[in-house]
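Spelled out, the chains give:
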Amino acid sequence: MYAKVNPAEIRHPGFDYWTETGWGGISPISEEELCTKSNPEIAEYLNGFKETVGLKSSTKDDLSNMFRISVSNSPEKFSVDLEPFLNVHGMYQHSLLWGLIEGWRNKKKFRWNGLFAFILKVIASDEFWKESYGENQYNYQDSIISQIAELINEGTRDDRHAFDPELLPVAEKILLILLNKTKAHLPEMVDLINSVLN
């Protein structure tokens, strides 16, 4: 009888009021769901995602974190066809590179030649270097540059788990581009040593 009047689900019967709290956001998609998609489908999903608000909100940060975890656990899948990720937001490119670093540290293997081709396309883009960030915006350009350098460092750290030596000239080319184009951000010139460390 009650369902005819109000078909809404009764969540806490017998309580006059109920309070719920949560910590952190919820990813809008599971790792399993994400990994069943092709890379072009994932890129399309990332670009089309809209944040939700409320107690069980899903933000771009939540999605970006799930993307990083998925890449870390399945780096081979993501390194095969990186082209679709050239057109995603810097937040997701950062998560992609971060996930690959984590995957490599966990002794997982993936294809570096395609990865280096992807990186070269990212840093060869004028748009990448012209990207500007406001005072309260996270600087994904700097983070991507840092992740690229860290990735190359990880790939050469241990000879028993390193990328193919034939790719060293490409890695050198990437590092030289970063060296020539990256601008230092040292606002405090009075105490230069601490500014560099920070």
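Structure's up top.
Residues numbered from 1 in each chain as written. Predicted model: local features only at pLDDT ≥ 70, side-chain atom pairs only at ≥ 80, totals over all residues. Heavy atoms only, no water.

A. Structural context of helix H4 (residues 60-73). The first and last C-alpha atoms of H4 sit 20 Å apart over 14 residues, in line with the 20 Å expected at 1.5 Å per residue. Taken residue by residue, H4 has Asp62, Leu63, Ser64, Met66, Phe67, Arg68, Ser70, Val71 and Ser72 as its buried positions. Packing partners of the buried residues in H4 comprise helix H2 (31-36), helix H3 (39-48), helix H5 (75-80) and helix H6 (90-105). (Helix = DSSP H or I, 4+ residues; strand = E, 2+ residues; numbered from the N terminus. Expected span 1.5 Å × (residues − 1). Buried < 20%, exposed > 50% of the residue type's maximum accessible area, 1.4 Å probe, protein only. Contact = heavy atoms within 4.5 Å.)

B. Expanded view of unusual backbone geometry. Phi angles above zero are rare outside glycine, and Lys107 is one such case at about 65°. Mapped onto the elements, Lys107 comes out in the loop between H6 and helix H7 (112-124). Accessibility expressed as a relative area gives 52% for Lys107, which makes it exposed.

C. Spatial organisation of the packing of helix H9 (residues 140-157) against helix H10 (residues 168-181). Packing of H9 against H10 brings their axes to within 11 Å, and their N-to-C directions diverge by 150°. Classified by the angle their axes make, H9 and H10 are roughly antiparallel. Seen from above, H9 lies across H10 with left-handed handedness. Two secondary-structure elements touch here, H9 through Ile145, Ile148, Ala149, Ile152 and Thr156 and H10 through Leu168, Ala171, Ile174, Leu175 and Leu178. Looking at the contact of H9 with H10, its residues break down into nine nonpolar, one polar and no charged. (Axes fitted to C-alpha atoms, helices over the stretch in contact; angles between N-to-C directions. Parallel < 35°, antiparallel > 145°, perpendicular 65-115°, else oblique. Left-handed = near helix turned anticlockwise from the far one by under 90°. Nonpolar A, V, L, I, M, F, W, Y, C, P; charged D, E, K, R; others polar.)

D. Expanded view of the side chain of Asn39. As for its placement among the helices and strands, Asn39 is situated in helix H3. When its relative accessible area of 4% is taken as the criterion, Asn39 is described as buried. A polar contact of 3.5 Å, which involves the side chain of Asn39, links it to the backbone oxygen of Lys77. Only 3.5 Å separates the side chain of Asn39 from the backbone oxygen of Phe78, close enough to count as a polar contact. (Polar contact = N/O pair within 3.5 Å; in protein donor to acceptor, adjacent residues only side chain to side chain.)

E. Representation of the packing of aromatic side chains within the structure. All chains considered together, the criterion is met by eleven aromatic pairs. Taking 5.0 Å as the distance between ring centres and 90° as the angle between the ring planes, the aromatic pair formed by Trp104 and Trp112 counts as edge-to-face. Measuring from centroid to centroid gives 5.0 Å for Phe128 and Trp129, while their planes differ by 85°, and the two rings are edge-to-face. Here Phe128 and Trp129 have matching classes, each one buried. (Phe/Tyr/Trp six-rings, centres within 6.5 Å; stacked < 30°, edge-to-face > 60°.)

F. Broad picture of the packing of H6 against H9. For the pair H6 and H9, interaxial distance at closest approach is 9 Å and the crossing angle is 20°. With respect to their mutual orientation, H6 and H9 come out roughly parallel. When you trace H6 past H9, the crossing you get is left-handed. Contacts between H6 and H9 pair Gly90, Met91, Gln93, His94, Leu97, Trp98, Leu100, Ile101, Trp104 and Arg105 from the former with Tyr140, Ser143, Ile144, Gln147, Ile148, Glu150, Leu151, Glu154 and Gly155 from the latter. Across the contact of H6 with H9, the residue classes break down as ten nonpolar, six polar and three charged.

G. Spotlight on the pattern of salt bridges. For the structure on display, the rule yields seven salt bridges. Where Arg111 meets Glu76, a salt bridge forms, and the shortest distance between an N and an O atom there is 2.9 Å. Here the residue Arg111 occupies a position in the loop between H6 and H7, and Glu76 occupies one in helix H5, the gap between them amounting to 35 residues. The class of Arg111 is partly exposed, set by a relative accessible area of 46%. One salt bridge in this structure joins Arg105 and Glu154, with 3.2 Å as the shortest N-O distance. Here Arg105, found in helix H6, pairs with Glu154, found in helix H9; they are 49 residues apart in sequence, far enough to count as distant. A residue is classified by how much of its surface remains accessible, and Arg105, at 42% relative accessible area, is partly exposed. Each member of the salt-bridge network shares a partner with another, and the members are Arg105, Glu150, Glu154 and Arg157. (Salt bridge = Lys/Arg side-chain N within 4 Å of Asp/Glu carboxyl O.)

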